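Single-letter residue listing:
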Number of protein chains: 2
Amino acid sequence: MPPLHQAPRGTRDFYPEDMAVRRHIEAAWRKASIDHGFDEVDGPTFEHLDLYTVKSGEGIVNELFSFRRAGGESTYALRPEFTPTLARMVAAKGASLPVPTKWFAIPSFFRAERPQRGRLREFFQWNVDVVGQGGAKADAEVIAVAVGALERLGLGPGDVQVRLSHRRAVANILARLGIAEDRLPAAFELLDRRDKLEPEAFARRSGELGLAGDTLARFDGLVRATVPVSESIEGLVRAAAIPEADVIDLVEMRSALEAVGIADWCRYDLGIVRGLAYYTGTVFEIHAVGAVERAVAGGGRYDGLIELFGGAPTPACGFGMGDVVLGLLLEERGLLGGADGHAGLLPRPDVFVIAAGSEAAEQLLLPLVTEFRRAGLHARHTYRATRNVGKLLGEASRSRARFAVILGQELERPEGPQAMVKDLLSGAQRPVLLASVVKEIAATA
Amino acid sequence: MPPLHQAPRGTRDFYPEDMAVRRHIEAAWRKASIDHGFDEVDGPTFEHLDLYTVKSGEGIVNELFSFRRAGGESTYALRPEFTPTLARMVAAKGASLPVPTKWFAIPSFFRAERPQRGRLREFFQWNVDVVGQGGAKADAEVIAVAVGALERLGLGPGDVQVRLSHRRAVANILARLGIAEDRLPAAFELLDRRDKLEPEAFARRSGELGLAGDTLARFDGLVRATVPVSESIEGLVRAAAIPEADVIDLVEMRSALEAVGIADWCRYDLGIVRGLAYYTGTVFEIHAVGAVERAVAGGGRYDGLIELFGGAPTPACGFGMGDVVLGLLLEERGLLGGADGHAGLLPRPDVFVIAAGSEAAEQLLLPLVTEFRRAGLHARHTYRATRNVGKLLGEASRSRARFAVILGQELERPEGPQAMVKDLLSGAQRPVLLASVVKEIAATA
């Protein structure tokens, strides 16, 4: 026998129950996007390699799967993220796009790195972007879409937190603490690594930025504290002797988040940086409460990026949310299907048609199943040879069908042939005229 | 200004209206699959390269985009089709899968060839397979799923035809005409090229197979005639002095196709071969009536393939239907959106909320929009500064919203504040208590 083939390392086979989980997550993403007025877009699965060095530099190349066509001249790369494609597509259309342009996408992405828990070589990621609109209201709307999907998946503010900061507010604070402008990038990098560094290393590297004694204590206190958005960020910064005016962007975010009803999901966290250098304003991450996993989602405002790809100067704000970390969280919280496990997420058949005798099996079964399907109902039947109605009702129940229709038991009535219809949830059953059984089940299913 | 970046040749950017078309087609594919009791699956976007040489030989390699990870040892290829992944996944699970296993998938595929009309380097293809079940009924069910989706997309038997043949029936006929068994592959290849060859070349190559004079005329007549399934294939073969027993498989297909109500979509066409060598029984293609384009879909029975990938001997039947040729056909028939064009396929907003004054805009607009979205409704509002209700109603209409809700015009009533609700289809409007406007619109939308 030939050897069995394996899926490539870091990729996934989606058997029906796995696919049901994926579609369940995607459905929540799509529904939240559409309800918030976003239009779906997509781009190619691979792009010219140089599209990815525009934003990320040559360093990205080793993290990509890249290739050429045999005899071809172009080098391509499997997409590692959506933003460069989005920027390219926005730049190509220019002023003909609506203002704002509100787009979402649910593509698969690829990273040529070592697979580990929560991080695969191929994964799905939801991207949501508002392009052409600046300001806290647009930022809050983007965050509200993310929260909307998480809420639809069964999560609440006790499960996940949006941690948010603002590049300009943090830059103001760093300047106030005496950090020179040319050291801001190094300071942001230090903030970004805050949780990965030992306290001594953090203090030493803060010292290299010129922070020591009282300023270091104020810096450390600010970047390690997280405050619910509904509480006072003003109080926190005042305690560190920072004027409120420095964090006006964060104060405006509070009003905007309150207006869309999600302030209770959000905390200020001045240590949130989002490593990518291109963010210019609000930055946020969504984390499971008390989790050791990576962020469920991350994003922010990137007002300079469209221009970098050849477009007009265009404000923009967005986020990405991957399926892998989110899937682990939903699994852990028991939110992927009920008592049936993941099978509970599979589409439920409306009807399972059973033939009690050979004549019904040969004459009636397939035409009735076909009639159900033509009416837009999910209809199943057995492929086994048995005519044992008890066994077939068992198969119908295991298929999770809503109704069973039994043919061939009560065919002869003055009004015409009948079928027995059994409600597989309540167990109740009653005869129904064969001529109207599709209409009756369509009305109930 | 930096130069604009382009999508790779032969790939597509899906702007919102393009995406709406793609989702419209996918929705019909998915609905037909699920109603027929198929479960959705998927595999990785890339596989080990050698997975594709198992079935297609080394010749396939130049048609693939293949790559390695920097420093990695494995060679991967972007998937050009689904069957090898399906065979691998079936073989891996073995006897633990249900009998039959009914799977569908809607992945994207990649071919490193010259793009041309109807043929791109990246495309989407619907795959439907019944695994573990032999016989004409399973073949007919697979064809019925394809027809079900086409019907849902607005096509009828006057638009598309299923042309079907059977490898065993054709092999019987060829043997009856005196073609030796070792020449059967060459004869199938000739049949496959029938429409591409000039009559002289066809006759010459038939001669090389040992066909001449009367046998050549009988062969030519059989492979060029197409007969509606509801008419007599027996008559056609009898006219060529072939015993009916030779084409019993085709006769059985007629009963099976009639049982699922699609015989009027189908024609026998003994010239249908499907180049791929792995088909073992029924083969079929779906073509637009009178079209010059490639087939909309093609498939058949491949009972030896799962074994080739290391599984147990397993009967199987399936087809693939790509989005490109189908999209061209639907476009040509005017079936992609109505008077609004492709925009008619975009999700329609349930409600567009308008603030008639500054107070309403600042206090009421976003909370009400949020309340609509929390209730699962697709709600939009303007991002412009204007409070001109006429202009905003124009924007609401252009968004194709079902209802407009106008805040701030009739706020003060003894029963509580009110909003004006305007039905944007009928033009009728009436005041509704603000406290119940979400419930009322949710009930109608």
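Calculation notes
Residues numbered from 1 in each chain as written. Chains lettered and ligands numbered in written order. Predicted model: local features only at pLDDT ≥ 70, side-chain atom pairs only at ≥ 80, totals over all residues. Heavy atoms only, no water. Contact = heavy atoms within 4.5 Å. Buried area = accessible area lost by both parts, 1.4 Å probe. Salt bridge = Lys/Arg side-chain N within 4 Å of Asp/Glu carboxyl O. Helix = DSSP H or I, 4+ residues; strand = E, 2+ residues; numbered from the N terminus. Buried < 20%, exposed > 50% of the residue type's maximum accessible area, 1.4 Å probe, protein only. Least-squares fit on C-alpha atoms with pLDDT ≥ 70 in both. Pairing = 2+ DSSP bridges. Axes fitted to C-alpha atoms, helices over the stretch in contact; angles between N-to-C directions. Phe/Tyr/Trp six-rings, centres within 6.5 Å; stacked < 30°, edge-to-face > 60°. Lys NZ or Arg CZ within 6 Å of the ring centre and 35° of its normal. Domains from an automatic or database assignment. 1 Å grid on protein atoms, 1.4 Å probe; cavity = no way out; pocket = protein on both sides within 12 Å on 5 of 7 lines; lining within 4 Å. Points joined across faces, edges and corners; volume = space filled by probe spheres on them. Nonpolar A, V, L, I, M, F, W, Y, C, P; charged D, E, K, R; others polar. Expected span 1.5 Å × (residues − 1). Parallel < 35°, antiparallel > 145°, perpendicular 65-115°, else oblique. Left-handed = near helix turned anticlockwise from the far one by under 90°.

Things to note about the interface of chain B and chain A
With 86 residues of chain B at the interface, the matching set in chain A holds 86 residues. Counting the surface chain B buries against chain A, the share from its top three residues, B:His5, B:Tyr15 and B:Tyr383, is 10%. Linking chain B with chain A are 12 salt bridges. Between A:Asp13 and B:Arg88 there is a salt bridge; the shortest N-O distance is 2.7 Å.

Considerations on the pattern of salt bridges
All chains considered together, the criterion is met by 70 salt bridges over all chains. With a shortest N-O distance of 3.1 Å, A:Asp269 and A:Arg194 are connected by a salt bridge. In this pair, A:Asp269 sits in strand E10 (residues 266–269) while A:Arg194 sits in the loop between helix H6 (184–193) and helix H7 (199–208), placing the two residues 75 residues apart along the sequence. The pair A:Asp269 / A:Arg194 is uniform in exposure class, with both members buried. Residue B:Arg119 is joined to B:Glu113 by a salt bridge in which the shortest nitrogen-to-oxygen separation is 2.7 Å. A network of salt bridges, in which partner residues are shared, links A:Arg22, A:Arg23, A:Glu26, B:Arg30, B:Glu40, B:Asp42 and B:Arg79.

Looking at the relation of the copies chain B and chain A
Between chain B and chain A, which share one sequence, the superposing operator has a rotation angle of 180° and an axial displacement of 0.0 Å; the RMSD is 0.0 Å. Overall, the copies show the geometry of a two-fold rotation axis. Residues of chain B ranked by C-alpha distance from the rotation axis are headed by B:Phe67, positioned 2.7 Å from it.

Quick notes on the sheet that holds strand E2 (residues 46–48) of chain A
Residues and elements named next belong to chain A. In spatial order, the strands read E2-E4-E3; together these 3 strands make up an open sheet with antiparallel pairing. Of all the strands in the sheet, the pair left with one neighbour each is E2 and strand E3 (66–68). Ignoring which end each strand starts from, the neighbouring axes of this sheet average 35° apart. Bridging between E2 and strand E4 (residues 75–78) involves 3 bridges; their strand directions are antiparallel. Residue Phe-46 lies in a different strand from E4, and its bridge partner there is Leu-78.

Thoughts on the packing of aromatic side chains
Evaluated as defined, the whole model comprises 33 aromatic pairs over all chains. Ring centres of B:Trp126 and B:Phe319 lie 5.1 Å apart, and the angle between their planes is 90°; on these two criteria the pair is classed as edge-to-face. Residue B:Trp126 is located in strand E7 (residues 122–131), and its partner B:Phe319 is located in strand E13 (residues 316–322); the two are separated by 193 residues in the primary sequence. In this structure, B:Trp126 and B:Phe319 share a single accessibility class: buried. Relative to B:Phe319, the ring of B:Phe284 lies with its centre 6.2 Å away and its plane at 65°, an arrangement referred to as edge-to-face. Linking B:Phe284 in strand E11 (residues 282–288) with B:Phe319 in strand E13, this pair joins segments that are 35 residues apart in sequence. Across the pair, exposure class does not vary: B:Phe284 and B:Phe319 are buried alike. Pairwise contacts between aromatic rings join A:Phe46, A:Phe65, A:Phe67, A:Tyr76, A:Phe110, B:Phe46, B:Phe65, B:Phe67, B:Tyr76 and B:Phe110 into one cluster. Between A:Arg167 and the ring centre of A:Phe188, over which it is positioned, the NZ or CZ distance is 4.9 Å.

Notes on the domain arrangement of chain A
Assigned domains of chain A: these are domain 1 (16–332) and domain 2 (349–444). Each of domain 1 of chain A and domain 2 of chain A was reduced to a C-alpha centroid, and the two centroids are 52 Å apart.

Overview of empty space enclosed by the protein
Tallying each qualifying case throughout the model produces 5 cavities of 30 Å³ or more. Approximately 300 Å³ is the volume found for the largest cavity. The set of elements that each furnish at least two residues to the lining of the largest cavity consists of helix H1 (16–35) and strand E7 (122–131) of chain A together with helix H1 (16–35) and E7 of chain B. A breakdown of the residues in the lining of the largest cavity according to their chemical character gives 6 nonpolar, 4 polar and 14 charged.

Topic: unusual backbone geometry
All names here are of chain A. At the junction of Val-99 and Pro-100, the peptide bond is cis and its omega measures out at -5° in the coordinates. Relative to the helices and strands, Pro-100 resides in the loop between helix H3 (83–93) and strand E5 (101–105). Even without being glycine, Ala-241 reaches a positive phi, approximately 60°. As for its position among the elements, Ala-241 is in the loop between helix H9 (233–239) and helix H10 (248–259).

A word on the pairing of strand E4 (residues 75–78) of chain B
Residue and element names in this part refer to chain B. Relative to E4, strand E3 (residues 66–68) runs antiparallel, the two being bridged by 3 bridges. Following the sheet pairing, Arg-68 is matched in E4 by Thr-75. Turn length for the E3-E4 hairpin, with the two strands adjacent in sequence and antiparallel, is 6 residues, and the turn residue Gly-71 shows positive phi of about 85°.

Brief notes about the environment of A:Ser206
Residues and elements named next belong to chain A. With respect to the helices and strands, Ser-206 occurs in helix H7. In this structure Ser-206 comes out as buried when scored by relative accessible area, which is 0%. In the structure, Ser-206 is positioned 19 residues away from Ala-187 in sequence and 7.8 Å away in space, judged by C-alpha atoms. Excluding anything up to four places from it in sequence, Ser-206 contacts Leu-190, Leu-211, Leu-216 and Phe-219.

Side note on helix H10 (residues 248–259) of chain B
Residues and elements named next belong to chain B. With 12 residues, H10 should cover 16 Å at 1.5 Å per step; its first-to-last C-alpha distance of 17 Å lies within 8% of that length. Residues of H10 that are buried: Asp-249, Leu-250, Met-253, Arg-254, Ala-256 and Leu-257. Packing partners of the buried residues in H10 comprise helix H4 (136–152), strand E8 (160–166), helix H5 (167–176), helix H9 (233–239), strand E10 (266–269) and E11. Immediately beyond the C-terminal end of H10, within one or two residues, lies Gly-261, with a positive phi of roughly 70°.

Details of the packing of helix H13 (residues 358–374) of chain A against helix H15 (residues 437–444) of chain A
Residues and elements named next belong to chain A. One can describe the packing of H13 onto H15 by two numbers: an axis separation of 10 Å at closest approach and a directional angle of 40°. Our classification of the angle between H13 and H15 gives oblique. Note on packing geometry: the crossing formed by H13 with H15 is right-handed. Contacts between H13 and H15 involve Leu-368, Glu-371 and Phe-372 from the first element and Val-437, Val-438 and Ile-441 from the second. Looking at side-chain class alone, the contact of H13 with H15 contains 5 nonpolar, no polar and 1 charged residues.

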